[in-house]
Amino acid sequence: MTEVPEHLLKKAAEARAKREAAAGAAAPADDTPASAAAPVDEPEEDVVETDEQAEAALQVLTDQLGDAILDSHIAPGRGLWIRVAATDWRRAATAAKEALHCQFFDWLSVIDWMPSPYGRELDAEQDERETSDPEPMEWGYTGGETRFQMICRVHSVTRHIGVMIKADLADDSPRIDTLIPVYAGANWHEREAIEMFGIVVDDHPDVRNIYLPGGFEGHPLRKDYPLLARRMKPWPGIVDVELMPGEAS
Amino acid sequence: MGLVESGKLPKPLTKLLNMSRKYSMWVYQWGLACCAIEMGAAFASPRYDVMRLGVIPLPASPRQADFVVVSGTVTDKMAPAVRRLWEQMPDPKYVISMGSCANCGGPYWDSYSVTKGVDQIIPVDVYVPGCPPRPEALLEGIVLLQERILHEDMAERWKGDPIVVQ
């Protein structure tokens, strides 16, 4: 880490003092130990601004979809995630496109939440487990219940908000509606999702392989698809055999 | 040439024929991935000029090519096309495998869709390692190929096993 130049440190201290004086005048200052110990404070204005925008977008979508939104998550500065049921998939995309003016279709894919049966193939402490029980499945933002989740991102260029829409796909027969009537660009993304994960997209006009050669068996991006080369030979990047300069063994 | 096949050609004449052959090569480029950029620098830019070695790039078709530079990742989807185009080249033909993807699969050795090395489908004469190799490295590979051609026994090559196109 490089040292922060002195003149910048002085500027940060002056700004902090000014802000604390203003806060002290408006309300009694709370004496949290963190505020005294933190060397450089992050400006709070930026975070609040993006929150408001994302929350406004979430409000617009909630007005449109109501109970269809099962869960939502806002990452300040990064975007808005919402999760809907698979039956409301096209409704949610239509709401994003029309109510939020999300005209730009970014991408569409599938998340496989099953922990890899081959392990993480890294030499990390957390990977040395005593038992060989299968790890519990964990979901990310906005949770989930099934192994496969469809996810798509749409973006509004005019309102500068990006929305990620997720939907759970049923475990026994993962099917979902196509987004092509809403976003024509979803065509090739759905073809990739079909061949790589083995899900079914209803009413897709052109179900054929887009990346994989014809006659390819299996669905490669599923977690339980074996990489045969790795099974034969472990990944050589696991352990640094050579000591760093200056290190004793 | 009946003299060449029967091996009755005197050595200096073979050397002369080989020398004239090695300095008049027409190279077919298979730019499949990032190595194609370095190959383009080696073949088409004035700095790493390949024409000074007597090798001219960009033939009109594989049927007019003397050797081919396979540069880039060969996927399983592309492999039949690589094989077919190599079979369309007339003898004597040579193959330079450029970059680690074409040599052995490279950084994608564990992928589900990559052919681990183009020598799984076509015979390779010179391997140029690198990711990507510098244009000078490719030029050295071409110089090595030229050296190999110079010391080649044309009689052996003519009398070799017939190449059967399936």
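Up top is the structure.
Caption draft 1: Fine view of helix α2 (residues 11–22) of chain B. All names here are of chain B. In a regular helix each residue adds 1.5 Å, so 12 residues correspond to 16 Å; α2 covers 16 Å between its end C-alpha atoms and thus fits that length. Among the residues of α2, Thr 14, Asn 18, Arg 21 and Lys 22 are the ones counted as buried. Down the axis of α2, the buried side of the element spans an arc of 90 degrees, and every buried residue falls inside it. In α2, the exposed residues that point more than 90 degrees away from the buried face are Pro 12 and Leu 16. Residues of α2 that are buried in the fold lie against β1 (25–31), β4 (94–98), α6 (135–150) and α7 (154–159).

Caption draft 2: Representation of the sheet that holds strand β2 (residues 79–84) of chain A. Residue and element names in this part refer to chain A. One open sheet holds the 5 strands; their spatial order is β1-β2-β5-β4-β3, and the pairing between them is mixed. Sheet topology places β1 (69–75) and β3 (104–112) at the edges, where each strand pairs with a single neighbour. The sheet shows a mean angle of 20 degrees between the axes of neighbouring strands, taken without regard to direction. Across 9 bridges, strand β4 (residues 148–156) lies against strand β5 (residues 161–169) in antiparallel orientation. Along β5, the bridge assignment pairs Phe 148 with Leu 169. Against the sheet, helix α4 (residues 89–98) touches β2, β3, β4 and β5, its axis set at about 175 degrees to β5. Contacting β3 and β4, helix α5 (residues 186–197) crosses the sheet at an angle of about 10 degrees to β3.

Caption draft 3: Local environment of the sheet that holds strand β3 (residues 67–71) of chain B. Residues and elements named next belong to chain B. Spatially, β2-β1-β3-β4-β5 is the arrangement adopted by the 5 strands of the open sheet, whose pairing is parallel. At either end of the open sheet lies a strand with only one pairing partner, and these are β2 (55–57) and β5 (126–128). Neighbour to neighbour, the strand axes of the sheet diverge by 25 degrees on average, direction disregarded. Here β3 runs beside β4; their pairing, made up of 5 bridges, is parallel.

Caption draft 4: Seen up close, the packing of helix α3 (residues 35–44) of chain B against α6 of chain B. All names here are of chain B. Relative orientation of the contacting elements α3 and α6 amounts to 65 degrees, with a least axis distance of 8 Å. With respect to each other, α3 and α6 are oriented roughly perpendicular. The handedness of the crossing between α3 and α6 comes out as right-handed. Seen from α3, the contacting residues are Glu 38, Met 39, Ala 41, Ala 42 and Phe 43; seen from α6, they are Pro 135, Leu 138, Leu 139 and Ile 142. Tallied by class, residues from the contact of α3 with α6 come to 8 nonpolar, no polar and 1 charged.

Caption draft 5: Region of the structure containing the pattern of salt bridges. Evaluation of the coordinates by the stated rule reveals 15 salt bridges over all chains. Residue Arg 148 of chain B is joined to Asp 125 of chain B by a salt bridge in which the shortest nitrogen-to-oxygen separation is 3.6 Å. Residue Arg 148 of chain B is located in helix α6, and its partner Asp 125 of chain B is located in the loop between α5 (99–104) and β5; the two are separated by 23 residues in the primary sequence. Judged by relative accessible area, which is 22%, Asp 125 of chain B ranks as partly exposed. Through salt bridges with shared partners, a single ionic network connects Arg 83, Glu 145 and Asp 168 of chain A.

Caption draft 6: Here's a closer look at the nonpolar core. The biggest cluster of nonpolar side chains holds 41 residues, and the ones touching the most others in it are Leu 61, Ile 82, Trp 89, Leu 108, Val 163 and Ile 165 of chain A. Sorting the residues of this core by element identifies α3 (44–65), β2, α4, β3, β4, β5 and α5 of chain A as the ones contributing at least two each. If near-sequence neighbours (up to four positions away) are discounted, Val 163 of chain A is found in contact with Leu 61, Leu 80, Ile 82, Leu 100, Cys 102, Cys 152, Arg 153 and Val 154 of chain A. Of all hydrophobic cores here, the second largest spans 22 residues; its members include Met 25, Ala 42, Phe 43 and Phe 67 of chain B.

Caption draft 7: Local environment of the side chain of Ser 97 of chain B. As for its position among the elements, Ser 97 of chain B is in strand β4. A polar atom in the side chain of Ser 97 of chain B sits 2.5 Å from the side chain of Asn 103 of chain B.

Caption draft 8: Representation of the packing of aromatic side chains within the structure. Evaluation of the coordinates by the stated rule reveals 7 aromatic pairs over all chains. Three or more aromatic residues joined by ring pairs make a cluster, and in this case those are Phe 216 and Tyr 225 of chain A together with Tyr 112 of chain B. Positioned above the aromatic ring of Tyr 183 of chain A, the side-chain terminus of Lys 97 of chain A is 5.3 Å from the ring centre. In this structure, Lys 93 of chain B is placed above the aromatic ring of Trp 86 of chain B, and the distance from its NZ or CZ to the ring centre is 3.9 Å.

Caption draft 9: Representation of the pairing of β1 of chain B in the model. Residues and elements named next belong to chain B. β1 sits mainly inside the fold: 5 of its 7 residues count as buried. On the question of chirality, the crossover connecting β1 to the parallel β2 by way of α3 is right-handed. In the sheet, β1 pairs with β3 via 5 bridges, with the strands oriented parallel. Residue Tyr 28 lies in a different strand from β3, and its bridge partner there is Val 68.

Cut-off values and rules
- Residues numbered from 1 in each chain as written.
- Chains lettered and ligands numbered in written order.
- Predicted model: local features only at pLDDT ≥ 70, side-chain atom pairs only at ≥ 80, totals over all residues.
- Heavy atoms only, no water.
- Helix = DSSP H or I, 4+ residues; strand = E, 2+ residues; numbered from the N terminus.
- Expected span 1.5 Å × (residues − 1).
- Buried < 20%, exposed > 50% of the residue type's maximum accessible area, 1.4 Å probe, protein only.
- Arc of directions from axis to C-beta.
- Contact = heavy atoms within 4.5 Å.
- Pairing = 2+ DSSP bridges.
- Axes fitted to C-alpha atoms, helices over the stretch in contact; angles between N-to-C directions.
- Parallel < 35°, antiparallel > 145°, perpendicular 65-115°, else oblique.
- Left-handed = near helix turned anticlockwise from the far one by under 90°.
- Nonpolar A, V, L, I, M, F, W, Y, C, P; charged D, E, K, R; others polar.
- Salt bridge = Lys/Arg side-chain N within 4 Å of Asp/Glu carboxyl O.
- Core = buried A, V, L, I, M, F, W, Y, C linked by side-chain atoms within 4.5 Å.
- Polar contact = N/O pair within 3.5 Å; in protein donor to acceptor, adjacent residues only side chain to side chain.
- Phe/Tyr/Trp six-rings, centres within 6.5 Å; stacked < 30°, edge-to-face > 60°.
- Lys NZ or Arg CZ within 6 Å of the ring centre and 35° of its normal.
- Right-handed = clockwise from strand over helix to strand, strands pointing away.

Honestly, it's all geometry; don't read function into it.
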